[in-house]
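Examination of the molecular architecture
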Amino acid sequence: AKTTLNMASTYPGSLTQLGTLGKAIEETIDKMSGGELEVKFFEPGALVPALEVFDAVSNGSVDAAWSTPGYWQGKEPSLALFAAVPFGPDVREYTAWLFNGGGEEMMQEIYAPYNIHSIICAVIAPEASGWFRKEINSVDDLKGLKMRFFGLGAKVMQRLGVDTQLLAGGDIYPALERGTIDATEFSQPAIDLNLGFYQVAKHYYFPGWHQQSTAFELMINKERWDGLSEQEQAMINTACRANVANGMAEGEAIQVDALAELEEKGVTIHTWPKEILDTFHSTWNEVAEEEAAKDEKFKKAWESLSTFRENYKRWGEVGYIQ
Amino acid sequence: MAALLNVSRAIDGLLAVVGRLGAWLAVPLLLVIVYDVVTRYFGVPKFFGFNSTQYQESEYWLHAYLFCLMMGYAYIRQAHVRIDLIRDRVALRTKFLIEMLGCLFALIPYSVIATYLSWGYFMQSYHSGEASRSVVGLSHLWLLKISMPIMFALLGLAGISVFFKALAGWSGRLPPEMLHDTIGTDDDIAELVIPEETAEAGRRA
Amino acid sequence: MPLTDALPLLMFAALATLLFSGYPVAFVLGGIGLAFGFLGMAFDQFAFVQFRAMPSRVFGIEENLILTAIPMFIFMGTMLERSGIARDLLNCLQVLLRRVPGGLALAVTIMGTILAATTGIIGASVVMMSLLALPIMIERKYSHQLATGTIAASGTLGILIPPSIMLVIMADLLERSVGNLFVAAIFPGFLLSGLYVVYIVVLCSLKPRLAPPLPAHIGPGSGAELFLMILRSFVPPVILIVLVLGSILGGFATPTEAAGVGAAGALLLGFVNLVVLPVLGVPEMHFSGEAHAELDDHSVGGGAFSEVRHFGHVLADVVLRTGLTNAMLFGIFVGATLFSYVFRALGGDGVVVDLVNASGLGSWGLLILILGIVFFLGFFFDWIEITLIVLPVFTPIIQLMDFGSHVERFEVVYWFAILMAVNLQTSFLTPPFGFALFYMKAVAPKEVKIEEIYLGIIPFVLLQLLGLAAVIVFPEIALWLPRVLLN
Ligand code: NA
Ligand code: NA
């Protein structure tokens, strides 16, 4: 008999990568199973609001969700480390930790008490560091800057004197246009281009130190997951691994033209001066220490990731052309 | 019936106290917004060590309580909008019947189930020590989430109160001064006068 | 027909019927949502655990920062009304427009258009104008239908003319620039406003009894008095508009926060009008022939202390009315979220999508069909739900549409978004479920009957459809300005 899982999404299905990769899962699994297993994609808000999918999967009102662990740090601070780590690993190293270094398993342990089984289902290219109305030449230029910022990086920015703002999604563009805020982080060039941020801010900063790679997840209600056949579970796992590869390749490919088009539209592409980047880095280390001291699971995940990276360093240095 | 009406009076009194207090949240809401805007631009210091994100989050906290605390009171104050195209043309007794059926089959079950569901939702947040999604935002999110079971419980109470009053009206024993808080029409008071006398007689007997 | 299709359709039918029972809309929505959830359970189309999504959906409403603007704009409107500022302005506009047919209705349309540029939602303008203009229009013996239609339609412009929450959400869903959509909506917004003006002038010159002009003996007697009247009545609202619009354009506040700034401004102006001016001995504006209702908008005399105490009473009243109107609105939001959730969980979306997929129409046919569906859904759902259902589902279809040289391929999405936005204007006005109607009904004087409101909006819905047709036939109305302004 046919099995259907209702999957609520955090991102609109049409949104480049963030949403399209979720839609892709629906399609891949449909084809793999010959229509016998349906993972039905629902737009954000259709079943539950975008950021309520955690509770909904947990209590079983929806079967599954397409999201990122980064949104759940208010419930479990450690989950932030499974989505995007400031000064974190790139896609290669991150997937190495997640899939072969015990990362994904650890994440699943953290989700288990919430009755959720979560699978890493995409890992994509770096984000930009953000759109700024004015050039930033020193750490001092950051002081008093009003910037919309989300995620662990917000704590770093705040410590450097940035007044981080919480803005409703739709208010970001008009606020940046009018100078209500001075800067915003958003997404990758290919996504930012369509959203027209170049019309209101001309300085585009890289690298996105706060988000060198972003992981997305397929969350499934634990009872529903346990109730699936071994074959169905295997199809979902395999579809997600394939999605990781497809998303990574696509993400790398589409930035090229987007970046060129942005430059053509008069956007200045900046890279952070070493001095500023170093300050971000040392501040992040302080923040990470503090977070680890506050939360046991965060500490465990942070240590696992740090140890992995320490060991990886040697290979990273000798294996690749620098 | 008199006992039931006393229950209604007690509920209405509770709703009025909570609702009238809740209404004043509009003022702190306004002040927080203005304060946030002013501190952002004119270098005014931020009080209590709060950051902008926390001010902005407290705006929706205040707003949530503004409507949650007033939802039930709005029913007895007849602020909930009705489409009374047809209701305007029916007899007073039918209006009481509509109100009773509405309370019994729509409002009360809706409030009971929503209270139950949102209580569970609040408890999950309470037990997990949930904080804001923003790392620099407010903690203790359960303080906000408990507004939902409060709202639905107050709404359910309002439904019970109106049901009793409508029942009294339907059986001709509703004091005229309670008419407006039951179904909202003022122009039918004349119809009530005679039933009221009967009720008085009934009480004396 | 399979049961899976019948349940959502029955839900429509139940809503359409039971709304007319006269039981509060918010609870009818909640009750039907609940009942059909249980009905779905009986037919294995729904599981009780699915109800657990409801608190999440309600929390989504609580957590929405944009919605905090609603009580602030309601506060602003109520304060302006209770403190007499709004009445002064409207009286003055009446005097100035006394020689134009339907002068007061025109004043309302103009105010609605100006207010639209300061708010991104509809509630504020409809509440404010129903509170301040409707009683005066009734007093001046305006046709109730003309009065209510004008207010509802011009108040609704707030969500089309930028800033607009609706365009923001559409841009998000379509993954297109909000800026482009804002610019594209400017001319269509003014087009609608212009259509309302023309209609009012033409109608009122043909049927002057619908809008009796101000009798000649009312109003200031001399030029100096007129000048004072203009000064006294225009200064406060101008300050407020500068405050609200200025804080947005000057980059001090987001459109959402501007509502709070406006509310604070109204509070200060009310204090000036009720306390400062009387204490300083500035005479009140007298407008002979005016029936003083039970408004608190006049000073009480007896020195500073009693004026302040009176202001305190006015503030308490404003706060209470604001809270009640706001609770009414959010009651509907909460009830509607359960209704539309169950509708969707029972496969209601599928019915709509299947209809489009099975039609086998070309680009033009599909466009008209989708707009038709949106117009129809507008009778029963609010714009947020419609946008959430229709846009994401049809976006891929729309992106494939080809209109040849009528609209370039890359502009089709923007054009379609504006068509949707203009089309959705009707959803606020069409009964039984229309937010402009609910707002108006909640604050209108008792003698205004719901059937008068229903009849009153008909010509304006037709004008909106005319505007929609114009943007379909002449896409440049939407597309020209963004081309010129943004590369
Ligand atoms: Na607007
Ligand atoms: Na409608």
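Just above, that's the structure.
Throughout what follows, the structure given in this document is the object of discussion.

Procedures and definitions
Residues numbered from 1 in each chain as written. Chains lettered and ligands numbered in written order. Predicted model: local features only at pLDDT ≥ 70, side-chain atom pairs only at ≥ 80, totals over all residues. Heavy atoms only, no water. Helix = DSSP H or I, 4+ residues; strand = E, 2+ residues; numbered from the N terminus. Rg over C-alpha atoms; globule rule 2.2 N^0.38 Å. Contact = heavy atoms within 4.5 Å. Areas by Shrake-Rupley, 256 points an atom, 1.4 Å probe, with all protein chains shown as cover. Lys, Arg positive; Asp, Glu negative; His and termini not counted. Charge placed at Lys NZ, Arg CZ, Asp CG, Glu CD. Buried < 20%, exposed > 50% of the residue type's maximum accessible area, 1.4 Å probe, protein only. Donors = N, O, S within 2.8 Å, 3.2 Å for Na, K, Ca; no water. Core = buried A, V, L, I, M, F, W, Y, C linked by side-chain atoms within 4.5 Å. Pairing = 2+ DSSP bridges. Buried area = accessible area lost by both parts, 1.4 Å probe. Salt bridge = Lys/Arg side-chain N within 4 Å of Asp/Glu carboxyl O. Polar contact = N/O pair within 3.5 Å; in protein donor to acceptor, adjacent residues only side chain to side chain. Nonpolar A, V, L, I, M, F, W, Y, C, P; charged D, E, K, R; others polar. Expected span 1.5 Å × (residues − 1). Bend = angle between axes of the 7 residues up to and from the residue. Patch = residues over 30% accessible without salt bridge, like charges linked within 9 Å, V, L, I, M, F, W, Y side chains within 5 Å. Axes fitted to C-alpha atoms, helices over the stretch in contact; angles between N-to-C directions.

**A short note on the overall build of chain A**
Across its full length, chain A holds 11 helices and 11 strands. Relative to a compact globule of 322 residues, whose C-alpha radius of gyration would be 20 Å, chain A shows 20 Å and is just as compact. Considering only contacts in chain A between residues 6 or more positions apart, those separated by 24 or more positions represent 76%. When the accessible surface of chain A is summed, it comes to about 12000 Å², and 50% of that surface belongs to carbon and sulfur atoms. Between the centroid of the 27 positive side chains of chain A and the centroid of its 47 negative side chains there is a distance of 3 Å.

**Structural notes on the overall build of chain B**
Counting its secondary structure elements, chain B contains eight helices and zero strands. Counting from the amino terminus, helix and strand elements in chain B follow one another as α-α-α-α-α-α-α-α. The buried share of chain B, taken over its 205 residues, is 57%. Intrachain contacts of chain B at a sequence separation of at least 6 include 73% that bridge at least 24 residues. With the model as given, the accessible surface of chain B reaches about 8300 Å², and the carbon-plus-sulfur share is 71%.

**Focus on the coordination of the sodium ion (ligand 2)**
Residue and element names in this part refer to chain C. The coordination sphere of the sodium ion (ligand 2), as far as protein atoms go, consists of Gly378 (O), Ser427 (O), Thr430 (O), Thr430 (OG1) and Phe433 (O), spread over 2.1 to 2.7 Å. For the sodium ion (ligand 2), the single-chain donor residues occur in sequence as G-x48-S-x2-T-x2-F. Of the two residues, Gly378 is situated in the loop between helix H15 (363–377) and helix H16 (383–400) and Ser427 in helix H17 (residues 412–429); the sequence distance between them amounts to 49 residues.

**Points about the nonpolar core**
Grouped together as the largest cluster of nonpolar side chains are 355 residues, with contacts concentrated most on Ile236 and Phe280 of chain A together with Met170 and Ile332 of chain C. Ranked by residues supplied to this core, first place goes to helix H13 (residues 303–345) of chain C with 20 residues. Ignoring anything within four residues of it in the chain, the contact list for Phe280 of chain A reads Phe87, Leu142, Val156, Met157, Leu160, Trp209 and Trp272 of chain A. Val95, Leu214, Ile218 and Met229 of chain C belong to the second largest nonpolar core, which has five residues in total.

**Structural notes on the sheet that holds strand E6 (residues 146–148) of chain A**
Residues and elements named next belong to chain A. Taken in spatial order, the six strands of this open sheet run E7-E6-E8-E5-E9-E11, and their pairing is mixed. A single partner strand is all that each edge strand has here, and the edge strands are strand E7 (163–165) and strand E11 (268–271). With three bridges joining them, E6 and E7 adopt parallel strand pairing. When the sheet's bridge partners are listed, Arg148 is paired in E7 with Gln165.

**A few points about the environment of Ala470 of chain C**
All names here are of chain C. Along the chain, the position of Ala470 falls in helix H19 (residues 450–473). The spacing of Ala470 and Leu269 is 201 residues in sequence and 41 Å in space, taken between C-alpha atoms. Leaving out residues up to four positions away in the same chain, Ala470 has contacts with Leu191 and Ile477.

**Let's talk about the interface of chain C and chain B**
The interface is formed by 62 residues belonging to chain C together with 64 residues belonging to chain B. Surface buried jointly by chain C and chain B totals about 5600 Å² across both partners, of which 74% is contributed by carbon and sulfur atoms. The three residues of chain C that bury the most area against chain B are Tyr23, Phe27 and Glu62 of chain C, which together make up 13% of that side's buried surface. Taken together, chain C and chain B are joined by two salt bridges. In this structure, the salt-bridge partner of Asp88 of chain B is Lys449 of chain C, at a minimum N-O distance of 3.7 Å. For the pair chain C and chain B, the interface holds eight residue pairs in polar contact (both at pLDDT 80 or more). Of all the elements in the fold, those that place two or more residues in the side of chain C that touches chain B are helix H2 (25–42), helix H3 (53–62), helix H4 (69–82), helix H12 (255–280), H13, helix H18 (435–443) and H19 of chain C. The residue inventory of the side of chain C that touches chain B, partitioned by class, reads 42 nonpolar, 12 polar and eight charged.

**Concerning helix H11 (residues 296–319) of chain A**
An α-helical segment advances 3.6 residues per turn. Residues three or four places apart therefore align on the same side. All names here are of chain A. The terminal C-alpha atoms of H11 lie 34 Å apart, and with 24 residues this matches the ideal 34 Å at 1.5 Å per residue to within 8%. For H11, the principal kink sits at Tyr312 and spans about 35 degrees. Buried-residue contacts for H11 involve helix H3 (91–100), helix H4 (103–111) and helix H10 (274–294). Structurally, the start of H11 carries an N-cap: the backbone nitrogen of Lys297 is 3.2 Å from a side-chain oxygen of Asp295.

**Topic: a nonpolar patch on the surface**
On the surface, Phe271, Val272, Val276, Leu280, Val282 and Val308 of chain C cluster together into a nonpolar patch covering about 450 Å² of accessible area. Assignment of secondary structure puts Val282 of chain C in the loop between H12 and H13.

**Re the side chain of Glu76 of chain A**
All names here are of chain A. Here Glu76 lies in the loop between strand E3 (64–67) and H3. Judged by relative accessible area, Glu76 falls into the buried class, the value being 7%. At 3.0 Å, the side chain of Glu76 and the side chain of Tyr114 are in polar contact. In contact with Glu76, other than residues within four places in its own chain, are Ile110, Tyr114 and Lys297.

**What to know about the pattern of salt bridges**
Pairs may arise between side chains of opposite charge once their charged atoms sit close together. Enumeration over the complete set of coordinates arrives at 33 salt bridges over all chains. Arg87 of chain B is the partner of Glu99 of chain B in a salt bridge, and the nearest nitrogen-oxygen pair spans 3.9 Å. Note that Glu99 of chain B is positioned in helix H4 (residues 92–128) and Arg87 of chain B in the loop between helix H3 (52–76) and H4, a separation of 12 residues in sequence. Here the two residues Glu99 of chain B and Arg87 of chain B agree in accessibility, since each one is buried. The shortest N-O distance in the salt bridge between Asp317 of chain C and Arg82 of chain C comes to 3.0 Å. Pair noted here: Asp317 of chain C is in helix H13 and Arg82 of chain C is in helix H4, with a separation of 235 residues, a long-range link. Residue Asp317 of chain C is classed as partly exposed on the basis of its relative accessible area of 22%. For Arg82 of chain C, a relative accessible area of 5% puts it in the buried group. One continuous salt-bridge network, built from bridges that share partners, spans Asp55 and Lys75 of chain A together with Glu130 and Lys145 of chain B.

**A look at the sheet that holds strand E1 (residues 3–9) of chain A**
Residues and elements named next belong to chain A. Read across the open sheet, the five strands follow the order E2-E1-E3-E10-E4; overall the sheet is mixed. Since the sheet does not close on itself, it has two edges, and those belong to strand E2 (37–42) and strand E4 (116–124), each with one partner. Within this sheet the neighbouring strands show an average axis-to-axis angle of 25 degrees, counted without direction. Alignment of E4 against strand E10 (residues 214–221), held across eight bridges, turns out to be antiparallel. Within the sheet, the bridge partner assigned to Ile124 lies in E10 and is Thr214. With respect to the sheet, H3 is in contact with E4 and E10, its orientation differing from that of E4 by roughly 160 degrees. The sheet contacts of helix H9 (residues 230–264) involve E1, E2, E3, E4 and E10, and relative to E4 the element is tilted by about 25 degrees.

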